[in-house]
Amino acid sequence: MLNIRIPATSANLGAGFDALGLAVSHYNYVRMEEADGLTIRSCDETAIPTDESNLVYISAQTVYLQCGKTLSGLVIEQENNIPMTRGLGSSSACIIAGMVGANMLLGQPMGIDDLVDLAATVEGHPDNTTPALLGGIVTSVLSGGRVHWVKQEVDEHLRFVALIPDFEMKTSEARACLPHLVPHRDAVYNLSRAALFSASLLSGKYENLRAAVGDRLHQPYRMPMIVKSQEVFDAAYAHGAYAVYVSGAGPTLMAIVSGEITDFVPCMRHELDMLGLTAWEILDLSIDNRGTEVIPDD
Ligand code: HSE
């Protein structure tokens, strides 16, 4: 059986709405083999669709169709560690798992660029699917059905601390609350900061990151839907975070923190508890520079 490991992802990174995303060290695992008929199992408590509406299956089927092949069926086993509908790329992980798995089963007829393009087309935007496949921080633009992308590796000592609320936020709803038009000055505000973010992260000029995650395109509209998000931002900055932003469409808040601040997580646990956010989970993560991998059987 193929065993595929797919990282969680964090998109937007403040100002880079629909364009920037990075992979972090938290993983889903999908085991897959061809079969007659469809069998889908969850290896943990996570409830997943076990019929043809399963996103891993749909994505595998998409690759077979694209390659002009017939899929007789699959056995799929899913270990879902990435929290669902929380802004950490759980649906992108399913799409990438299905596509990478199907491509392997077919003898890899599709190249990396083909997979990047197809995954972004299925998801609708490339900022989660591309880093889920490639790892690192990825800048990507979907234009004319093709993704133009650059992947760059990030310092593995930097921490990405995910502060994960106990409620879901559907991407469709989090996009529905955004304005159709924004003032020219807001567009300029964001594009300058998105450019500053990548340059600062990659050059190690981390003191710029707080200014670079400033955003006027989505966070001001989404943060009111995330209870006490401003208080959590303030607490993370008070404990020394370089930057805090809404991860993807939310509701997870992501803090970028120096590896030298060793008590950041216990301090934030205390702060969340003091704010009454005792059900929020904290994951202490680093960058994943490798992307999706097929793990050999023991
Ligand atoms: N860029 C997307 C959004 C990410 O913010 O809506 C969603 O996964």
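Criteria and cut-off values
Residues numbered from 1 in each chain as written. Predicted model: local features only at pLDDT ≥ 70, side-chain atom pairs only at ≥ 80, totals over all residues. Heavy atoms only, no water. Helix = DSSP H or I, 4+ residues; strand = E, 2+ residues; numbered from the N terminus. Buried < 20%, exposed > 50% of the residue type's maximum accessible area, 1.4 Å probe, protein only. Polar contact = N/O pair within 3.5 Å; in protein donor to acceptor, adjacent residues only side chain to side chain. Near = heavy atom within 4 Å. Areas by Shrake-Rupley, 256 points an atom, 1.4 Å probe, with all protein chains shown as cover. Nonpolar A, V, L, I, M, F, W, Y, C, P; charged D, E, K, R; others polar. Domains from an automatic or database assignment. Salt bridge = Lys/Arg side-chain N within 4 Å of Asp/Glu carboxyl O. Core = buried A, V, L, I, M, F, W, Y, C linked by side-chain atoms within 4.5 Å. Contact = heavy atoms within 4.5 Å. Pairing = 2+ DSSP bridges. Axes fitted to C-alpha atoms, helices over the stretch in contact; angles between N-to-C directions. Left-handed = near helix turned anticlockwise from the far one by under 90°.

A. Quick look at the side chain of Ser10. Structurally, Ser10 can be placed in strand β1 (residues 2–11). With relative accessibility at 0%, the residue Ser10 sits in the buried group. Among the polar contacts listed, one links the side chain of Ser10 to the side chain of Ser247, at a separation of 2.8 Å.

B. Examining the site of the ligand more closely. In the vicinity of the ligand, the residues found are Asn12, Phe17, Asp18, His125, Asp127, Asn128, Thr171, Arg175, Arg222, Gly248 and Ala249. The side chain of Asp127 places a nitrogen or oxygen atom 2.6 Å from a nitrogen atom of the ligand. A distance of 2.6 Å separates an oxygen atom of the ligand from a polar side-chain atom of Arg175. Notes on the ligand: free accessible area 260 Å², of which the protein chains cover 96%. Its residues assigned to classes, the shell around the ligand shows two nonpolar, five polar and four charged. Both domain 1 (2–153) and domain 2 (159–285) contribute no fewer than three residues apiece to the shell around the ligand.

C. Here's a closer look at the pattern of salt bridges. Per the counting criterion, the structure on display carries 11 salt bridges. Notably, a salt bridge pairs Arg5 with Asp288, separated by 3.7 Å at the nearest N-O pair. Residue Arg5 is located in strand β1, and its partner Asp288 is located in the loop between β10 (281–286) and β11 (293–294); the two are separated by 283 residues in the primary sequence. In this structure Arg5 comes out as buried when scored by relative accessible area, which is 16%. Residue Asp117 pairs with Arg146 through a salt bridge whose shortest N-O separation is 2.5 Å. Of this pair, Asp117 sits in helix α3 (residues 112–123) while Arg146 is found in strand β6 (residues 146–152), placing the two residues 29 residues apart along the sequence. Each of Arg5, Asp288, Arg290 and Glu293 takes part in a single network of salt bridges with overlapping partners.

D. Just the nonpolar core, in detail. Leu163, Phe197 and Val232 are the most contacted members of the largest nonpolar core, which totals 85 residues. In terms of residues, this core owes the most to one element, helix α2 (residues 90–105), which gives eight residues. When residues are assigned to domains, this core turns out to be shared by domain 1 (2–153) and domain 2 (159–285), each giving three or more. Here Phe197 is in contact with Leu13, Leu20, Ile137, Leu209, Ala212, Val213 and Ile256, once residues within four sequence places are set aside.

E. Geometry of the pairing of strand β7 (residues 159–164). Burial within β7 is extensive, with five of its six residues counted as buried. Bridge count between β7 and strand β9 (residues 253–257): five bridges; the pairing is antiparallel. Its bridge partner being in β9, Leu163 is matched across the sheet by Leu253. Across six bridges, β7 lies against β10 in antiparallel orientation.

F. Focus on the packing of helix α9 (residues 229–238) against helix α10 (residues 264–274). Remark: α9 packs on α10, axes separated minimally by 10 Å, with the N-to-C direction vectors making an angle of 150°. Like other packed secondary-structure pairs, α9 and α10 cross with a definite hand, here right-handed. Contacts between α9 and α10 pair Val232, Ala235 and Ala236 from the former with Phe264, Met268, Glu271 and Leu272 from the latter. For the contact of α9 with α10, a count of residues per class yields six nonpolar, no polar and one charged.

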